[in-house]
Amino acid sequence: MTDIIAHLKQGSETAFKELVAQWKGMVYNTALGILQNEADAEDVSQEVFMQVFESIGTFKGESQISTWLYRITVTKCLDFLRKKTRKKRWGKVYSLFGQNNELVIDPPEFHHPGVELANKERAQLLFKAIARLPDSQKAAFVLNKLEGLSSKEIAGIMDASVSAVEGLLHRAKQNLRDQLEDYYRNEE
Amino acid sequence: MKARRDIEQEINRTLSSLDGAQRAEPGDFFFTRLQARLGRAEPADAWERFIGVIARPSVAFTALALILAVNGVMFAMNLPTAERKEQAALQQAFQDDEYQLSLTNFYELEKPEQ
């Protein structure tokens, strides 16, 4: 991997292609878990690799390349969500004044392509609840559940202590439990 | 209405529904699309960046608070003090005297003595 980085720093396109081939799944899967939209996840994944291409010179190799990529991905995804919220907010304001700005409406259902068929409905419900979590809880939960990362690895990515990440995960699970409990209570 | 135990089971099963999920992969030709995008990438427009910064709620509310604070300070600084009131009264008296503002018609004008 250090070879790829060294070649990439020299501007090698082959090295960049190799890096993208190796990590695109990880980046895309994380983005998809957080954004819950395939087009947005692809868009952000491209942005992640564009940033890698542009700022590879600043990568000192102190952390693993996967940690660096995860960090860029999470930051880009959360920025994307904030921009989307801002657009929605302004869309509402504009619509009050009669302009033709369409309100950005989220697709109602999200199916993760990697989930087993038997779990599809439950996973859909869980993703709906994940979408309502605060940003940091959402990122930590997705990294833990979808990417199978430990609290220590997530702490490295989110630049936080292990105990802080454990707290985030605990609160995320509690929030999800509360939402699911509301859903199942009112189901019938 | 479901029993408490059933609900608990449902929640646990839903929370573990992502266990063993396969990693999602982007569509085919991802690298080709990425290359095309890198080729047409332009540096972010300065206006876009500026609007992005000022549209943040924290920046917008801080700016609003700052404007209100400056307004408040200016208002407080211009409140009439005793000294200002006195100056204004003197000024008014001088103008009344100089321009005969108390006269309401032409005939009351005093002709300067010759």
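Residues numbered from 1 in each chain as written. Chains lettered and ligands numbered in written order. Predicted model: local features only at pLDDT ≥ 70, side-chain atom pairs only at ≥ 80, totals over all residues.

In plain terms, the rule: UniProt positions are given in the numbering used here, feature names are shortened, and annotations may be inferred rather than shown by experiment.
Chain A is annotated in an unreviewed UniProt entry as RNA polymerase sigma factor of Chitinophaga barathri. Recorded in UniProt for chain A, the comment headed Sequence similarities (unreviewed entry) runs: "Belongs to the sigma-70 factor family. ECF subfamily."

1. Points about the overall build of chain A
For clarity, the threshold we go by: Per the convention used, a helix needs a DSSP run of H or I reaching at least four residues, while a strand needs a run of E reaching at least two, with both numbered from the N terminus. Working definition of burial: number of other C-beta atoms within 10 Å of the residue's own, with buried at 20 or more, exposed at 12 or fewer, and partly exposed in between, all C-beta atoms being placed from the backbone. Any pair of residues counts as being in contact when their C-beta atoms, constructed from backbone geometry, are within 7 Å of one another.
Of regular secondary structure, chain A possesses eight helices and zero strands. Counting from the amino terminus, chain A carries its helices and strands in the arrangement α-α-α-α-α-α-α-α. When the 188 residues of chain A are sorted by exposure, 32% land in the buried category. Of the contacts made within chain A by residues no fewer than 6 positions apart, 55% connect residues no fewer than 24 positions apart.

2. Here we look at unusual backbone geometry
Look at Asp159 of chain A: it is not a glycine, yet its phi comes out positive at around 55 degrees. With respect to the helices and strands, Asp159 of chain A occurs in the loop between helix H7 (151-158) and helix H8 (162-186). For Asp159 of chain A, a count of 9 C-beta atoms within 10 Å puts it in the exposed group. Its identity as a non-glycine residue notwithstanding, Phe29 of chain B has a phi of 60 degrees, on the positive side. Relative to the elements of secondary structure, Phe29 of chain B occurs in the loop between helix H1 (4-15) and helix H2 (30-40).

3. Section: the interface of chain B and chain A
Heads up, the condition is: Throughout, the ten residues Ala, Val, Leu, Ile, Met, Phe, Trp, Tyr, Cys and Pro are labelled nonpolar, Asp, Glu, Lys and Arg are labelled charged, and all others, Gly among them, are labelled polar.
Opposite the 26 residues of chain B that make contact, chain A presents 33 residues. Those elements that place two or more of their residues in the side of chain B that touches chain A are H1 and H2 of chain B. Residues that form the side of chain B that touches chain A fall into these classes: 14 nonpolar, five polar and seven charged.

4. With respect to the environment of Thr58 of chain A
Counting through the fold element by element, Thr58 of chain A comes out in the loop between helix H3 (38-55) and helix H4 (65-96). As for Thr58 of chain A and Leu35 of chain A, which are separated by 23 residues in sequence, their C-alpha atoms are 27 Å apart.

5. Quick word on the packing of H7 of chain A against H8 of chain A
All names here are of chain A. Going by this rule: For every element, the axis is a line fit to its C-alpha atoms; helices are fit only across the contacting stretch, and the angle between N-to-C directions ranges from 0 to 180 degrees. Oblique is the label for any angle not under 35 degrees, not over 145, and not in the 65 to 115 range, which are roughly parallel, roughly antiparallel and roughly perpendicular in turn.
One can describe the packing of H7 onto H8 by two numbers: an axis separation of 8 Å at closest approach and a directional angle of 105 degrees. Taken together, the axis directions place H7 and H8 in an arrangement best described as roughly perpendicular. Of the residues in H8, those touching H7 at Ser151, Lys152, Ile154, Ala155 and Met158 are Val162, Val165, Glu166 and Leu169. Taken together, the residues of the contact of H7 with H8 break down into six nonpolar, one polar and two charged.

6. Here's the deal with the domain arrangement of chain A
All names here are of chain A. This is how it is decided: Each domain's extent was defined by an automatic or database domain assignment.
Domain annotation for chain A reports domain 1 (1-107) and domain 2 (110-188). At the interface, 15 residues of domain 1 touch 14 residues of domain 2. Going through the elements one at a time, helix H2 (13-35) and H4 are the ones with two or more residues in the side of domain 1 that touches domain 2. Residues belonging to the side of domain 1 that touches domain 2 are distributed by class as follows: eight nonpolar, six polar and one charged.

7. Here's the deal with the UniProt feature "domain: RNA polymerase sigma factor 70 region 4 type" (unreviewed entry) in chain A
Residues annotated in UniProt with the feature "domain: RNA polymerase sigma factor 70 region 4 type" (unreviewed entry) correspond here to residues 125-176 of chain A. Here residues 125-176 of chain A runs as 79% helix and 0% strand, with 10 Å between its end C-alpha atoms.

8. Some details on the packing of H8 of chain A against H1 of chain B
Rule in force here: The hand of a helix crossing depends on one turn: near helix anticlockwise from the far one by less than a right angle means left-handed, and clockwise means right-handed.
Two numbers describe how H8 of chain A lies on H1 of chain B: the axes approach to 10 Å, and their chain directions differ by 125 degrees. When the interaxial angle is binned, H8 of chain A and H1 of chain B end up oblique. Judged by the twist between their axes, the crossing of H8 of chain A over H1 of chain B is right-handed. Along its contact with H8 of chain A, which presents Leu176, Arg177, Leu180, Glu181, Tyr184 and Arg185 of chain A, the element H1 of chain B presents Ile7, Glu10, Ile11, Thr14 and Leu15 of chain B. Among the residues making up the contact of H8 of chain A with H1 of chain B, the classes are represented as six nonpolar, one polar and four charged.

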